[in-house]
Amino acid sequence: MSNVKIGGKEIGGRNPCYVIAEIGINHNGDLDLAKQLIDVAVAAGADAVKFQKRTVDVVYTAEELARPRENPFGPTNGDLKRGLEFGQDAYAAIDAYCKEKAIAWMASCWDEASVDFIDQFNPPAYKIASASLTDDDLLRHTRAKGKPIILSTGMSSLEQIDNAVNVLGKQDLIILHSSSTYPAHYEELNLRVIPVLAQQFAVPIGYSGHETGIPSSVAAVALGACMVERHLTLDRAMWGSDHAASLEPNGLTRLVRDIRLIETAMGDGVKRVLEREKPVMEKLRRIHGPRVQAL
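A brief report on the enclosed structure follows. Keep in mind that what you see is a predicted model, and the values were worked out from it rather than measured.

Here we look at the overall build of the chain
Along its length, the chain carries 12 helices and 12 strands. If one aligns the C-alpha atoms of the chain with their principal axes, the spans along those axes are about 80 × 40 × 40 Å. For the chain, the residues scored as buried account for 47% of the 295 residues in total. A total accessible area of about 14,300 Å² is found for the chain, and carbon and sulfur atoms account for 52% of it. Each charge class in the chain can be summarised by its mean position, and for the 33 positive and 38 negative side chains these summaries are 11 Å apart.

Focus on the state of the cysteines
Per the stated rule, a full pass over the model turns up zero disulfides. Cysteine Cys-109 is unpaired, with the sulfur of Cys-98 as its nearest cysteine sulfur at 15 Å.

Some words on the pattern of salt bridges
Taken as a whole and judged by the stated rule, the model has 17 salt bridges. The partner of Arg-67 in a salt bridge is Glu-64, with the nearest N and O atoms 2.9 Å apart. Judged by relative accessible area, which is 35%, Arg-67 ranks as partly exposed. The salt bridge involving Arg-140 is made with Asp-137; its shortest N-O contact spans 3.5 Å. With Arg-140 and Asp-137 both in helix H7 (residues 136–143), this residue pair falls three residues apart, about one helical turn.

So, H7
Those residues of H7 that fall on the buried side of the exposure criterion are Leu-138, Leu-139, Thr-142 and Arg-143. The buried residues of H7 occupy one face: seen down the axis, they fall within an arc of 130 degrees. In this structure, the buried residues of H7 make contact with strand E7 (104–109), helix H6 (112–119), strand E8 (126–128), strand E9 (149–152), helix H8 (158–168) and strand E10 (173–178).

So, unusual backbone geometry
Along the chain, Tyr-182 connects to Pro-183 via a cis peptide bond; the corresponding omega equals -10 degrees. By secondary structure assignment, the location of Pro-183 is in the loop between E10 and helix H9 (193–201). With a phi angle near 55 degrees, Asn-28 is a residue other than glycine that sits in the positive phi range. Exposure remark for Asn-28: the relative accessible area of 9% places this residue in the buried category. Even without being a glycine, Asp-172 presents a positive backbone phi close to 50 degrees. As for its position among the elements, Asp-172 is in the loop between H8 and E10. For Asp-172, a relative accessible area of 26% translates into the label partly exposed.

Considerations on the packing of aromatic side chains
Scanning all chains against the criterion turns up nine aromatic pairs. Taking the centre distance of 6.5 Å and the plane angle of 40 degrees together, the rings of Tyr-91 and Phe-121 count as tilted. You can see Tyr-91 sitting in helix H5 (residues 88–101) and its partner Phe-121 sitting in the loop between H6 and E8, a full 30 residues away along the chain. The buried category is assigned to Tyr-91, whose relative accessible area is 0%. Owing to a relative accessible area of 12%, Phe-121 belongs among the buried residues under this scheme. An angle of 70 degrees between the planes, with centres 5.9 Å apart, marks the rings of Phe-117 and Phe-121 as edge-to-face. Owing to a relative accessible area of 18%, Phe-117 belongs among the buried residues under this scheme. Over the face of the ring belonging to Trp-110 we find Arg-54, whose NZ or CZ atom lies 4.0 Å from the ring centre.

Here we look at the nonpolar core
Among the nonpolar cores identified, the biggest contains 40 residues, and Ile-38, Val-49, Phe-51, Tyr-91, Trp-105 and Leu-252 are the most heavily contacted of them. Elements supplying a minimum of two residues to this core: strand E3 (18–24), helix H1 (31–44), strand E4 (48–53), H5, E7, H6, helix H10 (215–222) and helix H11 (249–266). Phe-51 has contacts with Glu-22, Ile-23, Gly-24, His-27, Ala-34, Ile-38, Tyr-91, Ile-94, Trp-105, Met-106, Ala-107 and Ser-108, leaving out every residue within four places of it along the chain. Residues Leu-173, Leu-189, Phe-201 and Ala-225 belong to the second largest nonpolar core, which totals 22 residues.

A closer look at the pairing of strand E5 (residues 68–71)
Judged from the two bridges that link them, E5 and strand E6 (residues 74–76) form a sheet pairing that is antiparallel. Bridge pairing in E6 places Pro-68 opposite Thr-76. With antiparallel pairing between neighbouring strands as the criterion, E5 and E6 make up a hairpin whose turn holds two residues.

Rules used in this analysis
- Residues numbered from 1 in each chain as written.
- Predicted model: local features only at pLDDT ≥ 70, side-chain atom pairs only at ≥ 80, totals over all residues.
- Heavy atoms only, no water.
- Helix = DSSP H or I, 4+ residues; strand = E, 2+ residues; numbered from the N terminus.
- Buried < 20%, exposed > 50% of the residue type's maximum accessible area, 1.4 Å probe, protein only.
- Areas by Shrake-Rupley, 256 points an atom, 1.4 Å probe, with all protein chains shown as cover.
- Lys, Arg positive; Asp, Glu negative; His and termini not counted.
- Charge placed at Lys NZ, Arg CZ, Asp CG, Glu CD.
- Disulfide = S-S within 2.5 Å.
- Salt bridge = Lys/Arg side-chain N within 4 Å of Asp/Glu carboxyl O.
- Arc of directions from axis to C-beta.
- Contact = heavy atoms within 4.5 Å.
- Phe/Tyr/Trp six-rings, centres within 6.5 Å; stacked < 30°, edge-to-face > 60°.
- Lys NZ or Arg CZ within 6 Å of the ring centre and 35° of its normal.
- Core = buried A, V, L, I, M, F, W, Y, C linked by side-chain atoms within 4.5 Å.
- Pairing = 2+ DSSP bridges.

Encoded structure:
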């Protein structure tokens, strides 16, 4: 299994887990809020932040955009979708701010024009959202940019994932196990799929979580996840569809801390007598058995 490099960081094997703070649309169309969320991700020790980019009139049907939906931007779903969509000036500001804060940023692009738009900022990788896994044309268009690809697999069967991998190829590919419910219930997470995906596809496997807590995301790392992505919000009670399935600042900080502790605790898999165990052994063990070799 080959590692994947995103920016200057190797992902896979025994390298540190790559933590993505998913801002997505939790900026609520407010650039200042987006910058606050970037600051939270930096302070927590995340490796990257991620946004979402859509060409609204391509991704959604006219009927869906016209559907009544009261929101801060107007009375229809289209008003909401357009209000949440950052354009050229906002993304240029995000790019500059992330460079200033020395954190990587990328985006899930839901259509080909959005891929082309984000490409001007030279992202270190592209994310394929679970909803786009079966869009072969989008997969090919994204792959043509020549960047590492992160593929989320929520609401997808193994057969559908296999097709997507065949379209994308395995070079510079990371697959994320995910359950596309918001927020996800713990009985829906099925973390044992992580080693199954690793066995079947022989590429680095990560985890994209939408649950409300952090223990399961840490457990995913113990099961072999080389990347963890979690949504980030300032307040889970804010208006918007993704806030309830997100971590607040303290939660992201604890997540990164616990992942690093678990990585340290996993060790190298070689059973040995520790130097700090030896005085305890001399004190407590009545029968010592074969001599312990010096380390």
